[in-house]
Amino acid sequence: MKYLVSNWKMYPTTDEAVTLFAEIQKGLRARACLGYSLPTCVICPPFVSLPVLKALADPELVSLGAQNCHSEPSGPFTGEISAEMLKGVAEFVLIGHSERRAAGETDEQIACKVAACAAAGLRPMLCVGEDERTDAAASQAEERLIAGISRIDPTSCPVLVVYEPTWAVGGDQPADVDYVCRLVEHLKCRMTDAGMARPEVIYGGTVTPRNAGQFAALEVLDGVGATRAGLDAGDFLALADRLTDASEL
């Protein structure tokens, strides 16, 4: 699998983030020295930790992502961070996370943020998914996908889609494998229809070292995202092992 994305949300302080980041990077380096081909590990810490972690990051091991951005490049928006400000400290930006949507973020706002990331040369990680597990699940996830890429040229702007069914985020159980496979296949078809030559989708929603292997076995998936497991160095490294041949360690 290509990607292991960890959203640290509003958890670690900068000091805690530095310690956790160092432990993760040390473990990844040890695996790389043994010849294992690691996934692209993307860590999304709180904004205040990004510059510090950027100075510590080995780009061969870890990429950094931001948890959000504003749609405007600058302006009188107190408390906001623009995509332009993230250039140089992040390569990826999470857009449209289910928690942001629950707080009132609209499809139009999300589309504008995706466009802002693209304009700044950052790669959007567009989060889409359904609120409830119903017969309309695929339609709702598709609608959010199409809306999210409506302000960019999908043939030239690589978007990493994060499929996160809201009902599975933060719960005790992820969506079952067959369900995820079906929804991801549906989303990839829509991405191809939109002109994306190489659509990429990862799954996020209660991914742990214990269940990551079943998702790693899905050829349609390009990786996984984790929150709680990403806040522990041992769990993060175990996830990386599940996604690569490092499971032989």
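Just so you know, these numbers come straight off a predicted model, no measurement behind them.

Caption draft 1: Summary view of the pattern of salt bridges. In the structure shown here, the tally under the stated rule is 14 salt bridges. We note a salt bridge from Lys 87 to Glu 84, for which the minimum N-O separation is 3.5 Å.

Caption draft 2: Quick look at the packing of aromatic side chains. Per the stated rule, a full pass over the model turns up 3 aromatic pairs. An angle of 25° between the planes, with centres 4.7 Å apart, marks the rings of Tyr 203 and Phe 215 as stacked. One end of the pair, Tyr 203, is in strand E7 (residues 200–204); the other, Phe 215, is in helix H8 (residues 212–216), with 12 residues separating them in the sequence. Members of the aromatic cluster, joined through ring pairs, are Tyr 163, Tyr 203 and Phe 215. Across the ring face of Tyr 179, the terminal group of Arg 133 is positioned such that the distance to the ring centre comes to 4.2 Å.

Caption draft 3: Up close: helix H7 (residues 177–193). The terminal C-alpha atoms of H7 lie 24 Å apart, and with 17 residues this matches the ideal 24 Å at 1.5 Å per residue to within 8%. Among the residues of H7, those classed as buried are Val 177, Tyr 179, Val 180, Cys 181, Leu 183, Val 184, Leu 187, Lys 188 and Met 191. Buried positions along H7 lie against strand E5 (123–128), helix H6 (137–148), strand E6 (160–163), E7 and H8. Following H7 by one or two positions, Gly 195 has its phi on the positive side, about 110°.

Caption draft 4: Focus on the sheet that holds strand E1 (residues 3–7). Pairing in this closed barrel of 8 strands is parallel, and the strands run E1-E2-E3-E4-E5-E6-E7-E8 around the ring. Taken over all neighbouring pairs, the strand axes of this sheet differ in orientation by 25° on average, direction set aside. Where strand E2 (residues 40–44) meets strand E3 (residues 62–66), 3 bridges bridge the pair, whose relative direction is parallel. Residue pairing for E3: Cys 41 is matched across the bridge by Val 62. Strand contacts of H6: E5 and E6, with the helix running at about 155° to E5, the strand carrying the most contacts. Across the face of the sheet, helix H9 (residues 233–243) comes into contact with E1, E2 and strand E8 (223–226) while running at roughly 160° to E1.

Caption draft 5: Local environment of the side chain of Glu 200. Mapped onto the elements of the fold, Glu 200 is located in strand E7. In this structure the side chain of Glu 200 is engaged in a polar contact, spanning 3.0 Å, whose partner is the side chain of Lys 2. One polar contact links Glu 200 to Arg 123, side chain to side chain, over a distance of 2.6 Å. Ignoring any residue separated from it by four or fewer positions in sequence, one finds Glu 200 in contact with Lys 2, Tyr 3, Arg 123, Val 159, Leu 160, Val 161, Lys 188, Met 191 and Asp 222.

Caption draft 6: Broad picture of the environment of Glu 164. Here Glu 164 shows up in the loop between E6 and H7. Linking Glu 164 and Glu 200, residues 36 residues apart in sequence, is a C-alpha distance of 14 Å. For Glu 164, the side chain forms a polar contact with the main-chain nitrogen of Ser 98, separated by 2.6 Å.

Caption draft 7: Up close: unusual backbone geometry. Of note in this structure, Lys 9 is not a glycine but carries a positive phi near 45°. Checked against the element boundaries, Lys 9 lands in the loop between E1 and helix H1 (14–33). On the basis of relative accessible area, Lys 9 is assigned to the buried category, the value being 13%.

Caption draft 8: How the structure looks around the pairing of strand E4 (residues 92–95). Here E4 shows a buried face lined by Phe 92 and Leu 94 and a second buried face lined by Val 93 and Ile 95. Sheet analysis places E3 next to E4, joined by 2 bridges and oriented parallel. Paired with Ala 66 across the two strands is Val 93, which belongs to E4.

Caption draft 9: Structural detail: the state of the cysteines. The final tally for this structure, using the stated rule, is 0 disulfides. Free cysteine Cys 41: the closest other cysteine sulfur is in Cys 44, separated by 12 Å. With no disulfide of its own, Cys 127 lies closest to Cys 44 among cysteine sulfurs, the gap being 9.0 Å.

About the cut-offs
Residues numbered from 1 in each chain as written. Predicted model: local features only at pLDDT ≥ 70, side-chain atom pairs only at ≥ 80, totals over all residues. Heavy atoms only, no water. Salt bridge = Lys/Arg side-chain N within 4 Å of Asp/Glu carboxyl O. Phe/Tyr/Trp six-rings, centres within 6.5 Å; stacked < 30°, edge-to-face > 60°. Helix = DSSP H or I, 4+ residues; strand = E, 2+ residues; numbered from the N terminus. Lys NZ or Arg CZ within 6 Å of the ring centre and 35° of its normal. Expected span 1.5 Å × (residues − 1). Buried < 20%, exposed > 50% of the residue type's maximum accessible area, 1.4 Å probe, protein only. Contact = heavy atoms within 4.5 Å. Pairing = 2+ DSSP bridges. Axes fitted to C-alpha atoms, helices over the stretch in contact; angles between N-to-C directions. Polar contact = N/O pair within 3.5 Å; in protein donor to acceptor, adjacent residues only side chain to side chain. Disulfide = S-S within 2.5 Å.

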